[in-house]
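Here is what each chain is made of, one letter per residue.
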Amino acid sequence: GGGGAAANGDGEGGAGSSADEADAAASALDAEAQAAAAAAAALEAKELAAAEQAVMALVKNLTDDYVALLDCPPVVRLSDIGRFDFSPQLQEIFLAEREAALRVEGDEEGDEAPAWPRGTNGTDYPDDLDDERLKHVDGVIAYVPRHFCVRHVRALTEYPDEARISSRAELPKSVKDVGSMPDFNPVRILFLWLDSLTATVTQREVNKLGPVVSMCYNTEVLIMRDCGLSKVSDINLPKLLHADLSNNKVKDLKGLLKFAGRAAELVYLNVANNPICNRKDWREDEGPHPNESSRAWRLCLVCPELQVLNDVPVNRYELVTAAQFGTSRQQTRMAVRFYHEAMAAAEPIRSMTEWNPLAVVELDLTNQELQVIQVAGLINLKKLVLAGNYLAVISNSGMSLCEQLEDVDLSANLIQDAREVEWLKFIPSLKRLSLQGCPFTFKSKRDYRLFVIYHTRHQRGIAKRPGLLELDGRVIGLDERVQALKVIGRVRTRALHLARWHLALVSEFGQLRVGRPGSDLYAGFLEGLRVLKLEGKGLSVVNVTYLKSLAVLDLRFNFLKAVTGLELLTELKSLDLSWNPQLKLKRTLHQLCAAPVTSLEQLALAPDPTVARNLAYFRRVLQAVGRHNHKLRTLDHVAIHPDMRARMYARLGKWKRARIDEYRLQLAFTISCTAVEGRSFHPDDVVAGKQWEPAEAT
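Residues numbered from 1 in each chain as written. Predicted model: local features only at pLDDT ≥ 70, side-chain atom pairs only at ≥ 80, totals over all residues. Heavy atoms only, no water.

> What exactly am I supposed to notice about the overall build of the protein chain here?
Counting secondary structure elements, the protein chain contains 19 helices and 23 strands. Every one of the 698 residues in the protein chain was classed for burial, and the buried ones make up 47%. Sequence separation of at least 24 residues holds for 58% of the intrachain contacts in the protein chain that already meet a minimum separation of 6. When the accessible area of the protein chain is evaluated, it comes to approximately 33900 Å², of which 52% is carbon and sulfur surface. (Helix = DSSP H or I, 4+ residues; strand = E, 2+ residues; numbered from the N terminus. Buried < 20%, exposed > 50% of the residue type's maximum accessible area, 1.4 Å probe, protein only. Contact = heavy atoms within 4.5 Å. Areas by Shrake-Rupley, 256 points an atom, 1.4 Å probe, with all protein chains shown as cover.)

And the structure:
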């Protein structure tokens, strides 16, 4: 019995010794594996650096993979299906992960982006506002649709032989065995096809495949069907696009999310006929996709480009459902995905084989459920339709870099912050704008219109109409522009009158010709002006002090009380101040007679036709003005009758009957023998030999 016990003790000691040796051997193997992994990592780093240098030589002035800066705020939890509620406090910039081996056709070396022109369309956009605009968008990168700059899954035949593995024998048994296969280069492998491994390898070998497969970190396509695979969390393939893991034993959702999260560009994922598809919230017999409340939808969050799940496309509703389980950043990425998809489907982008931003002139993205947009770089864009979306913030849209953008439709969106409307001033060429249906908080529609008009007053417009031309389909008139200055800009009365005067001049002669008040161009324009017609402009104050060369002045249908500087217009031939109901006749006549003005040929001062037909008014004006203006021929658009003229001179000179008859005869000869233009009616000028010769009279 004792001997048996001793024998048993020796046996137990031998077993313990064997276990220690096994542990030591395992530790040695681990050390060798780590050394092999370090060697492989060094090789990978070296080859990756070479690949990066080759690619960067081709795309020197572009981003590595995807350079579509979308400076958009993150979203908070979804308030309801289909609508993101954006928070305007924070902003995010996202750039895709670097793809060193990505094949992107870049700009030629030395090409430069076109400079933003100033004063386009023959109009003036203030330089200080232009500088503020460019500062506002400093650092914004031109938008590139994602499908033009990402890798796409290729067919098996498109991959070279050295980039494909179609059997387990072509892979090393473990990481430490890499050195025993000199022809095996994991960096070059892009296509892994390892179907039905259970027939050739043991389950233990299958479970150890993760690190071996992960060595081929450039792999784009992974097919491992019917392999008995139960663990995928140890597979790390950052460039994976297509993964078919159907008919395996995968049941851990957390492990699947870890696997998928490492492949941010994954487009296709098939895990059909796995235990994970027979959960309470994901029953494969009811459908290929999880139900609405399943947290398995987080697959679409960790893989924002996922388009096909279990051989069935993922629809928009399912993506919105998935977003409810995500963080703010994940929801933002989902919103960006929707925008990329909308752009890819819009004309003319849909018809392009390569990205050409210069070809995009009109863009219609109506009813696309968009929460973010980015159009920076579309320098030829003239019309942008974004009606019926969920946009709440547009100040980060890049529209301010679209120099030619004239027509913007933002109706039926979620814009409610007045600061977003104020930002519209940075779109230089904006002419037509629609914001109908946006939930603004203005007290009235009038206040809303005046607010928009005020903040878009510096837009280039057209030559004779600066600022925004149309708002919500209604033309913006001069009166609304002045009201906007008064109500929103709180401009004082005198400055308001001067602003109306300047806008009236611009509407007649164009902003480039008139210039800005106070400038040398403005002063020179006024001094050289010969004809000025500003009827029906709502003017109440006019100063013509600097218009000394003026020959024709037409200010009908306004609200003038007087015209400042009228007595200085020594070359004035035609003056029309009719239909100004508040005009002070006595003051105006005093101005015309003070210097006096002696060159008038046509004069109209009556506030209405009734006054113009009044004989007492007619005589009063003729008596005051006619004696100094010898060539005056019409008064309130009616020719002055010779009898009226004879009575005027008779009253002034205290003529007798014979002198009056003599003047009438001489006046009749003058009217018959001379041209209308330049004809003088003064008694000294109608005698024979002055304007007409007796021999020429017929």
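Okay, back to it.
> Before we go on, may I ask you to explain the sheet that holds strand E15 (residues 474-475) in this structure?
Hydrogen bonds between backbone atoms are what pair the strands of a sheet, whose relative direction is either parallel or antiparallel. One open sheet accounts for six strands, arranged E10-E11-E12-E13-E14-E15; its pairing is mixed. A strand with exactly one partner marks an edge of an open sheet, and here the two such strands are strand E10 (362-364) and E15. Here strand E14 (residues 470-471) runs beside E15; their pairing, made up of two bridges, is antiparallel. If you follow Glu470 over to E15, its bridge partner there is Val475. (Pairing = 2+ DSSP bridges.)

> Sorry if this is basic, but what is going on with the nonpolar core here?
In globular proteins that are soluble, nonpolar side chains generally tend to be buried together. Leu363, Met399, Leu532, Leu553 and Leu603 are the most contacted members of the largest nonpolar core, which has 113 residues in total. If one sorts the elements of this core by residue count, helix H12 (residues 493-509) sits on top with eight residues. Among all residues touching Leu553, those that are not within four sequence positions of it are Leu532, Val544, Leu566, Leu569, Leu572, Ser574, Leu575 and Asp576. By size, the runner-up hydrophobic cluster in this structure holds 54 residues, among which are Ile189, Val201, Leu209 and Ala322. (Core = buried A, V, L, I, M, F, W, Y, C linked by side-chain atoms within 4.5 Å.)

> Which parts of the structure should I look at to understand the packing of aromatic side chains?
The way to describe two aromatic rings as a pair is by their centre distance and the angle between their planes. With the rule as written, the count across this model stands at 13 aromatic pairs. An angle of 20° between the planes, with centres 6.3 Å apart, marks the rings of Tyr649 and Trp655 as stacked. Here Tyr649 falls in the buried class, since its relative accessible area comes to 5%. Taken together, the ring pairs connect Phe440, Phe442, Tyr448 and Phe451 into an aromatic cluster. In this arrangement the basic side chain of Arg645 is found over the ring face of Phe681, its NZ or CZ atom lying 3.7 Å from the centre. For Arg659, the ring lying beneath its charged end belongs to Trp655, and the centroid distance is 4.4 Å. (Phe/Tyr/Trp six-rings, centres within 6.5 Å; stacked < 30°, edge-to-face > 60°. Lys NZ or Arg CZ within 6 Å of the ring centre and 35° of its normal.)

> Would you mind showing me how to read the pattern of salt bridges here?
Side-chain pairs of opposite charge can arise whenever the charged atoms involved come near each other. Summed over all chains, the structure comprises 30 salt bridges. Here Asp447 makes a salt bridge to Arg446, at a shortest N to O gap of 3.8 Å. Here Arg664 and Asp643 are joined by a salt bridge, their closest N and O atoms 3.4 Å apart. Of this pair, Arg664 sits in helix H19 (residues 657-673) while Asp643 is found in helix H18 (residues 642-653), placing the two residues 21 residues apart along the sequence. Note on Arg664: relative accessible area 27%, which makes it partly exposed. Of the residues examined, Asp643 reaches a relative accessible area of 30% and is grouped as partly exposed. Overlapping salt bridges, with partners in common, bring together Arg151, Arg154, Glu220 and Glu265 in one network. (Salt bridge = Lys/Arg side-chain N within 4 Å of Asp/Glu carboxyl O.)

> Explain the packing of H18 against H19 here, please?
To describe two helices that pack against each other, one gives the angle between their axes and the distance between the axes. At their nearest, the axes of H18 and H19 sit 10 Å apart, and the two run at 135° to each other. With respect to H19, the axis of H18 lies oblique. Between H18 and H19 lies a crossing of right-handed hand. On H19, the residues that touch Pro642, Asp643, Arg645, Ala646, Tyr649 and Ala650 of H18 are Ile660, Tyr663, Arg664, Leu667 and Ile671. Across the contact of H18 with H19, the residue classes break down as eight nonpolar, no polar and three charged. (Axes fitted to C-alpha atoms, helices over the stretch in contact; angles between N-to-C directions. Parallel < 35°, antiparallel > 145°, perpendicular 65-115°, else oblique. Left-handed = near helix turned anticlockwise from the far one by under 90°. Nonpolar A, V, L, I, M, F, W, Y, C, P; charged D, E, K, R; others polar.)

> Would you mind showing me how to read the side chain of His455 here?
Looking at where His455 falls in the secondary structure, it is placed in helix H10 (residues 445-455). The exposure class of His455 is buried, given its relative accessible area of 13%. When residues no more than four places from it in sequence are discounted, the contact partners of His455 are Glu422, Lys425 and Ile488.

> Please explain the sheet that holds strand E3 (residues 221-223) as it appears in this structure.
Read across the sheet, seven strands follow the order E1-E2-E3-E4-E5-E8-E9 without closing on themselves; strand pairing throughout is mixed. Because the sheet does not close on itself, it has two edges, and the strands there are strand E1 (164-165) and strand E9 (312-313). In this sheet, strand E4 (residues 242-244) lies alongside E3 in parallel orientation, the contact comprising three bridges. Residue pairing in the sheet places Val221 in a bridge with His242 of E4.

> Can you walk me through helix H11 (residues 478-487) in this structure?
Since the α-helix turns once every 3.6 residues, residues separated by three or four places project in the same direction. All buried positions along H11 are accounted for by Leu478, Glu480, Arg481, Val482, Ala484 and Leu485. Looking at the buried positions of H11, the neighbouring elements they touch are H10, E15 and H12.

> Before we go on, may I ask you to explain unusual backbone geometry in this structure?
Among all residues save glycine, negative phi is the norm, and among peptide bonds the norm is trans. Glu347 connects to Pro348 through a cis peptide bond whose omega is 5°. Looking at where Pro348 falls in the secondary structure, it is placed in the loop between helix H8 (328-345) and E10. At Asp311, a residue that is not glycine, the phi angle is positive and equals roughly 65°. Residue placement: Asp311 occurs in the loop between strand E8 (308-309) and E9. In this structure, Asp636 takes a positive phi of about 55° despite not being glycine. As for its placement among the helices and strands, Asp636 is situated in the loop between strand E22 (634-635) and strand E23 (638-639).

> Where do I start with the environment of Val212 in this structure?
Along the chain, Val212 falls in helix H4 (residues 209-214). Sequence spacing of Val212 and Pro186 is 26 residues, and the spatial spacing of their C-alpha atoms is 9.3 Å. Every residue in contact with Val212, bar those within four places of it in the chain, is listed here: Leu171, Pro172, Lys173, Ser174 and Val175.

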